Amino acid sequence: MLVLHSSPDSASMAPRIVIEDLGLTYSARVVDRAGGELASAGYRAMHPLGKIPVLETPDRPMFETAAILLWLADTHAPGRLAPAPGSAERGAFLTWFFFTSTNLHPNVLDLFYADRVAGPEAVAALLPRAAARTRAALDALDTAARTLPSVLPADRLSILGVYVGMLLRWLAQMPDGHVGQARAAEWPALAAAAAACETTPAARRVAEAEGLGPAIFTNPDR
């Protein structure tokens, strides 16, 4: 059985939705963040930096949101949640999937944890730069979604749609007036892909389990 080490409304959300969509048997284990579990030797043995999520598989623990999503899609439903290995669309999909993990996700985290990244004295300098990089990445992804519908489909759940939708959720939840606050509607193609994911039974089950609103990606409760 799979064990997803998780926390409500965190980066474990995207893998959990995919696991639910695939109908896999799993346990969602909530990490005791307040109690310091992320720094414990046991958790660091699974994730050397003590971050969420970790997915325990029959073979070994996995970490990194993108790696877990790709493993789930390719191992359990090749071609359904992402273009299949060897398909004509695979190269473009991998390009934008890893673009998201290396260009969008880190910059969104910079906006949330600016003091950890740059130190309190440099937050004011970091935030506008991280916001600009985030918006540039979203602009590029929105163009890709319009021109490459197999990469970010607007009619079904996909691992890239779930991943981008989760990041859009975080941006929308930033405080009013924050330089990084953004709404999914600013990028219509991304909003369509995210909406295709959030309306699935899998996403609704995760939203209920984690105490989230129904439109978890396109109009999250703040």
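Definitions and limits used
Residues numbered from 1 in each chain as written. Predicted model: local features only at pLDDT ≥ 70, side-chain atom pairs only at ≥ 80, totals over all residues. Heavy atoms only, no water. Helix = DSSP H or I, 4+ residues; strand = E, 2+ residues; numbered from the N terminus. Rg over C-alpha atoms; globule rule 2.2 N^0.38 Å. Buried < 20%, exposed > 50% of the residue type's maximum accessible area, 1.4 Å probe, protein only. Contact = heavy atoms within 4.5 Å. Expected span 1.5 Å × (residues − 1). Salt bridge = Lys/Arg side-chain N within 4 Å of Asp/Glu carboxyl O. Pairing = 2+ DSSP bridges. Right-handed = clockwise from strand over helix to strand, strands pointing away. Axes fitted to C-alpha atoms, helices over the stretch in contact; angles between N-to-C directions.

J.: Explain the overall build of the protein chain residue by residue, including any values.
T.: Helices and strands together make up the secondary structure of the protein chain, namely nine helices and four strands. The N-to-C order of helical and strand elements in the protein chain reads β-α-β-α-β-β-α-α-α-α-α-α-α. On C-alpha atoms alone, the protein chain measures out to a radius of gyration of 17 Å, which is about the 17 Å that the 2.2 N^0.38 rule sets for 222 residues. Reported as C-alpha extents along the three principal axes, the dimensions of the protein chain are approximately 45 × 45 × 30 Å. The 222 residues of the protein chain split such that 50% are buried. By sequence separation, contacts in the protein chain at least 24 residues apart represent 65% of the contacts at least 6 residues apart.

J.: Tell me what's going on with helix α3 (residues 65-76), and back it up with residues and numbers.
T.: Two residues of an α-helix separated by three or four positions point the same way, owing to the 3.6 residues in each turn. The end-to-end C-alpha distance of α3, which contains twelve residues, comes to 16 Å, matching closely the 16 Å that a straight helix rising 1.5 Å per residue would cover. Those residues of α3 not exposed but buried are Thr 65, Ala 66, Ile 68, Leu 69, Leu 70, Leu 72 and Ala 73. Here the buried face of α3 lies against β1 (2-6), α1 (13-22), β3 (54-56), β4 (61-63), α4 (90-112) and α7 (159-172).

J.: Tell me what's going on with the pattern of salt bridges, and back it up with residues and numbers.
T.: Applying the stated criterion across every chain yields a total of ten salt bridges. With a shortest N-O distance of 3.5 Å, Arg 146 and Asp 142 are connected by a salt bridge. Placement of the pair is Arg 146 and Asp 142 together in helix α6 (residues 123-147), with a separation of four residues, close to one helical turn. Since its relative accessible area comes to 53%, Arg 146 is described here as exposed.

J.: Residue-level account of the pairing of strand β2 (residues 26-30), with values.
T.: Pairing of β1 with β2 involves five bridges; the strand directions are parallel. Paired with Leu 2 across the bridge in β2 is Tyr 26. Remark: the β1/α1/β2 crossover connection has right-handed handedness.

J.: Before we move on, can you summarise the sheet that holds β4 with the specific residues and values?
T.: Taken together, four strands build an open sheet; the order of strands is β2-β1-β3-β4 and the sheet is mixed. Edge positions in the sheet fall to β2 and β4, since each has one partner strand and no second. On average, each strand axis in the sheet is tilted by 20° relative to the strand beside it, whichever way the strands run. Bridge count between β3 and β4: three bridges; the pairing is antiparallel. Residue Leu 55 lies in a different strand from β4, and its bridge partner there is Met 62. Against the sheet, α3 contacts β1, β3 and β4, and its axis sits at roughly 120° relative to β4.

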